[in-house]
Amino acid sequence: MPAEPSNTEIGYPRVKNHLSRFSNEIMPPVLLIGFVLFAWQIFASRSGLSDFILPSPSQIIRAGWETRALLAGSIAITMLETILGLAIAIVFGLLIAGAMDLSPVVRRAFYPILVASQTVQILAIAPLFIIWFGFGLLPKVIIVVLICFFPLAVSTADGLASADADLVALLITMGAKRGQIWRMVRLPSALPSFFSGLRIAVTYSVVGATIGEWVGGSAGLGLYMLRSKNALATDQVFVAIAITTGISIGLFLLITLIERAMLPWYYAARRAEQWEQAGIY
Amino acid sequence: MMFETNPAQSAVSVPKVELRDISKTFSGDVETVRALTNISLSVAAGEFITLIGPSGSGKSTLLNLIVGLSEPDSGEINIDGEKYDRRADKVAYMPQRDLLMPWRTILENVIIPLQLKGIPDAQAHTQATELLPLFGLGGFASALPFHLSGGMRQRAAFLRTILMEREILLLDEPFGALDALTRRELQDWLLELWRRFQQTVIFITHDVEEALYLGDRVIVLSPRPGKIIHTLEVALPRPRRQGMIALPDFGRQVTELLDALGVAI
Ligand SMILES: Nc1ncnc2c1ncn2[C@@H]1O[C@H](COP(=O)(O)OP(=O)(O)OP(=O)(O)O)[C@@H](O)[C@H]1O
Ligand SMILES: [Mg+2]
């Protein structure tokens, strides 16, 4: 929203409290989404398009409510695969990142493979895992791990490498041991990039689990989506889209909250860099 | 004087820090920089040396060599007459950048040397907290570094260096970012600390008056490649008083240093 120009001050009004922050940052997208849904509802009910081409929002909500038992089970399964896969990916990602940081040989060996592995289409290899590991939980978890592992490993490795070399040198002169330098400098320096990797991984993870279920699942939101599509129940397809998106956003917000709680220095420093008041310091 | 035969005599006269014919060249991809050539310098135990020279004359490079972060291409560095593998254990080095950890509060930053020595946090906190007011950081124990001005950050870095409690202090422009008043206060505080604990100090500055006010001896480095072009034994009585900068003697020595630095007088 444009600031009221004032005669005495140049720049933007300072954000005073959470209330005005809410109205400044959260209200606009919420209003926009509300407006789009409203327009969609009007359009879908007036245009005469058939329901299976474009169901209206209210119809989608009804479809979700009617299949709620099935949905609840599907959500639970998909969430389980997502969380398991994420957890395993975090463990492996951190291990590989640590190994790459400790050994240049490991880094040279792994880094290009990690990057190249991202060009492999997950849709193409997903059926392989189904063939190898069946229709249960395992292949989906593996797919989630594969998708999430890369951003985590690479961003954490980059973060570890980004530690200020001068600071490390200073600690060496103070007699710090390797482990102390890790704990005191490298790990804290890596946390911001670890979290940005985690935020990317989290948004991919739900997609990964759903793809796994779509390709060969006995349960989950992917299967719900596939069945709805086959039955031309477009409204249910929309339900699945809304729920997977909702889960992704929820996980994303959760990670952001954890990050803010864990890295107050990082956010405070960033905020200090962008004072709302104009000026060059 | 460096090779005393009488052991009883050598005990008093072995230099604390001795540089013998040090040269250092940095070879990069594009160009090779000769940073220091043929530096020889003997610093007696308890001596206060100030090092002055234009930007790029290799002052920081020299401290890096002494502390052992890099090794000279040729020449020798001795501490207490010995060639140590880990010279860093003997010196407290305060680099030009403050290098405070952004994720630690000021108090947590300054106690790092104590933590590394294995002193329990509670005791380290008490010890450092007592010193914070003296360094003008009284109300800032739990502030994060980015909240502080450049001068305050530098004072925190200075306190961190002091808490290393070493016999040799290598200070790279420790007061460079301070305002004139605080700078004088900390100069006097440093001199008092030095009078009490008799550390050997090598102090880099860009400020001719500061070099004179603090030092027993002022070493002037030439522009790149740095070599020692002038040494001045400071003729001012101890203890130093800020009023001394008004003495004619002081002015004469300022002129001498400016002349050595090539500043038109
Ligand atoms: N690690 C390095 N690699 C390459 N060149 C370097 C390195 N360190 C220093 N130099 C070069 O050596 C020269 C001396 O640098 P140094 O930092 O010691 O100067 P200085 O006297 O401390 O300058 P200032 O007063 O600006 O701090 C400079 O030309 C610098 O570019
Ligand atoms: Mg320097």
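As the structure is a computational prediction, the values presented were derived from the model and not from experiment.

Peer 1: Hey, could you run me through the overall build of chain B in this one?
Peer 2: Assigned secondary structure in chain B consists of 9 helices and 9 strands. The C-alpha radius of gyration of chain B comes to 19 Å, within 12% of the 18 Å expected for a compact globule of 265 residues. With the C-alpha coordinates of chain B rotated into their principal frame, the extents come out at 50 × 45 × 45 Å. Considering only contacts in chain B between residues 6 or more positions apart, those separated by 24 or more positions represent 67%. Counting only carbon and sulfur atoms, one obtains 52% of the accessible surface of chain B, whose full area is about 12000 Å². Between the mean site of the 27 positive side-chain charges and the mean site of the 33 negative ones, chain B shows a separation of 1 Å.

Peer 1: Is there a simple way to think about the domain arrangement of chain B in this case?
Peer 2: Size of an interface: often given as the accessible area lost when the parts come together. Residue and element names in this part refer to chain B. Partitioning chain B into structural domains gives domain 1 (11-90 + 168-185 + 199-265) and domain 2 (99-165). Look at where the C-alpha atoms of domain 1 and domain 2 centre, and you get two points 26 Å apart. Of the residues lining the interface, 9 residues belong to domain 1; the matching set on domain 2 comes to 7 residues. Contact between domain 1 and domain 2 buries roughly 640 Å² in total, counting both sides, with carbon and sulfur atoms accounting for 69%. Put simply, domain 1 and domain 2 have 0 salt bridges between them.

Peer 1: Just to check I follow, could you spell out the site of ligand 1 for this structure?
Peer 2: All names here are of chain B. Close to ligand 1 lie 15 residues; Ser55, Lys59, Ser60, Thr61 and Arg224 are nearest. Between an oxygen atom of ligand 1 and a main-chain N or O atom of Ser57, the distance comes to 3.2 Å. A distance of 2.7 Å is found between an oxygen atom of ligand 1 and a side-chain nitrogen or oxygen belonging to Lys59. In the complex, 64% of the free accessible area of ligand 1, which totals 630 Å², lies under the protein chains. When residues of the shell around ligand 1 are traced back to their parent elements, those giving at least two are β2 (32-43) and α2 (59-67). At 3 residues, α2 tops the list of elements feeding residues into the shell around ligand 1.

Peer 1: What is the right way to read the pairing of β2(B) from this model?
Peer 2: Successive side chains on a regular strand alternate, one facing one side of the sheet and the next facing the other. Note: strand β1 (residues 17-27) of chain B against β2(B), 8 bridges, orientation antiparallel. Across the sheet, the residue bridging to B:Glu18 is B:Ser42, located in β2(B).

Peer 1: In this structure, what is going on with the interface of chain B and chain A? I would like to understand it.
Peer 2: In this complex, chain B contributes 21 residues to the contact, which on the side of chain A involves 20 residues. Buried area between chain B and chain A, summed over both chains or domains, comes out near 1900 Å², and the portion from carbon and sulfur atoms is 75%. One salt bridge connects B:Arg97 with A:Asp164, and the closest N-O pair in it is separated by 2.7 Å. On the surface where chain B and chain A come into contact, there are 4 residue pairs in polar contact (both at pLDDT 80 or more). Broken down by element, the side of chain B that touches chain A gets its largest block of residues, 4 residues, from helix α4 (residues 112-116) of chain B.

The rules behind each value
Residues numbered from 1 in each chain as written. Chains lettered and ligands numbered in written order. Predicted model: local features only at pLDDT ≥ 70, side-chain atom pairs only at ≥ 80, totals over all residues. Heavy atoms only, no water. Helix = DSSP H or I, 4+ residues; strand = E, 2+ residues; numbered from the N terminus. Rg over C-alpha atoms; globule rule 2.2 N^0.38 Å. Contact = heavy atoms within 4.5 Å. Areas by Shrake-Rupley, 256 points an atom, 1.4 Å probe, with all protein chains shown as cover. Lys, Arg positive; Asp, Glu negative; His and termini not counted. Charge placed at Lys NZ, Arg CZ, Asp CG, Glu CD. Domains from an automatic or database assignment. Buried area = accessible area lost by both parts, 1.4 Å probe. Salt bridge = Lys/Arg side-chain N within 4 Å of Asp/Glu carboxyl O. Near = heavy atom within 4 Å. Polar contact = N/O pair within 3.5 Å; in protein donor to acceptor, adjacent residues only side chain to side chain. Pairing = 2+ DSSP bridges.

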